[in-house]
Amino acid sequence: MELATDYMGLRLANPLVASPSPLSYTLDGVRRLADAGVGAIVLFSLFEEQLREQALRTARLVDTSADSFPEALDFFPAVAEEDAGPHPYLSLLERAATAVSVPVMASLNAVTAQGWTSYAKAMEDAGAAAVELNIYYLPGNSPLSGREVEQRYIDILERVKSEVTIPVAVKLSPYFSSTGEMARRLDEAGADALVLFNRFLQPDIDPEELAIVPGVALSHRADARLPRTWIALLCGRVRAALAATSGVESSDDVAAYILAGADVVMTTSALLRNGPEYAATLLDGLSSWMKRKGFHAVAEPRGMLTVPLGRDEAAYERASYVNAMRSANAGSYDDW
Ligand SMILES: Cc1cc2nc3c(=O)[nH]c(=O)nc-3n(C[C@H](O)[C@H](O)[C@H](O)COP(=O)(O)O)c2cc1C
């Protein structure tokens, strides 16, 4: 079965990619992911705030520009120098890139375009095959307009693109008024891939403890539906590669993403639940499915169930929605 896949110009042995998580926190973790057979690995994120903190510590430079977001540092937990700061990150990246044969990508989690983007170049120099930019900005009650928020994404991407020659992927959120247009703008601004989607932290509340519980939750199958819908809508309409992230529990979920048009399918929760070796189970399941369906190469099913080109996407979605709601009201709905 031919699983080899192109992703942002990188040749991967297969389309399964380990997305950022604690599994890539150590060289041993990276090796286990590679041994399990993933096509590529994106390391856990280095946060812009860590880079700023480092810059402040070393240069005692305070960037007071209006856009610098210094208040974020007030909330950022002080990390021990030896913890995953920029230097240990680059060191891990360098060792990982030489230790495993699959591409290792770096992840930068950003909120502004100022003062830190040169680290992307340092990541390239350390051997990153690509940079994945996780742009996480929740405007809260900010007076910024939607257009200004969107521009921030473009500015960050353009700054990072100007620093590096390796491909740059953007992991974005689904919460734009016009997510499709945002995807197109990022595409035009040079994003080599769109990673759909980032999840906003949605804290829980513990009524017994009267406390906010900010933890990150693992995903479930149903979480794949939103990114999969957008992948089906964007496939063939943007030049950027499309990476799916969220809700892969079994090889069926990998197959469904590929049918929708994903170039690669990322996984974290399933590997955290079942161990990195579960990647081999996902890949075996993908190969069995392809064999059962008569596909010889992963390119054959890719995009087979995308929203057909030439359709009015909004009208197509609206018609699907109306039909689905009418069936639901007639008693036909899913319970998962
Ligand atoms: C424990 C944990 C840590 C994560 N750390 C990062 C991170 O550092 N950077 C990032 O971009 N995403 C991070 N993510 C998000 C994952 O990379 C992934 O996009 C998300 O979990 C959805 O994929 P999944 O359904 O396969 O888990 C993390 C997720 C989990 C559960």
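So, a few notes on the structure that sits alongside this text. (Residues numbered from 1 in each chain as written. Predicted model: local features only at pLDDT ≥ 70, side-chain atom pairs only at ≥ 80, totals over all residues. Heavy atoms only, no water.)

## Examining the environment of A328
Condition: Here a strand is any run of E in DSSP of at least two residues, a helix any run of H or I of at least four, and the numbering for each starts at the N terminus.
Relative to the elements of secondary structure, A328 occurs in helix α12 (residues 313–329). Placed 148 residues apart in sequence, A328 and G180 show a C-alpha to C-alpha distance of 27 Å.

## Digging into a nonpolar patch on the surface
In plain terms, the rule: Exposure above 30% relative accessible area and no salt bridge define the residues that can form patches, which grow by joining like charges within 9 Å and nonpolar side chains of Val, Leu, Ile, Met, Phe, Trp and Tyr within 5 Å. With residues, only the protein chains shown are counted as cover, and all accessible areas are computed by Shrake-Rupley using a 1.4 Å probe. Salt bridges are defined as contacts in which a side-chain nitrogen from Lys or Arg sits within 4 Å of a carboxyl oxygen from Asp or Glu.
Where nonpolar side chains cluster on the molecular surface, the patch consists of Y321, V322 and M325 and spans about 260 Å² of accessible area. Among the secondary structure elements, V322 is positioned in helix α12.

## Brief notes about the side chain of N14
Applicable threshold: For every residue, the accessible area (1.4 Å probe, protein chains only) is compared with the maximum for its type, and the residue is labelled buried under 20%, exposed over 50%, or partly exposed between those bounds. Within 3.5 Å is the distance limit for a polar contact, defined as a pair of N or O atoms, with the added protein rule that one can donate a hydrogen and the other accept it, and that residues adjacent in sequence qualify only through two side-chain atoms. Note on contacts: a residue pair qualifies if any of its non-hydrogen atoms lie within 4.5 Å across the two residues.
Note on placement: N14 falls in the loop between β2 (10–12) and β3 (16–18). N14 gets classed as buried once you look at its relative accessible area, which sits at 5%. A polar side-chain atom of N14 sits 3.2 Å from the main-chain amide nitrogen of G39. Discounting chain neighbours no more than four positions away, the residues touching N14 are L3, A4, T5, G37, V38, G39 and L283.

## Examining the pairing of strand β8 (residues 193–196)
What counts, and what does not: In this scheme, strands are said to pair when DSSP sees at least two bridges between them. The definition of a right-handed crossover adopted here requires that, viewed with the strands pointing away, the path from the first strand over the helix to the second runs clockwise.
In β8, alternate side chains face the same way, and those of A193 and V195 on one face and L194 and L196 on the other are all buried. Bridge analysis of strand β7 (residues 168–172) against β8 gives four bridges, and the strand direction is parallel. Each bridged residue has a counterpart across the sheet, and for K171 the counterpart in β8 is V195. Read from β7 through helix α7 (residues 179–188) to β8, the crossover connection turns out right-handed.

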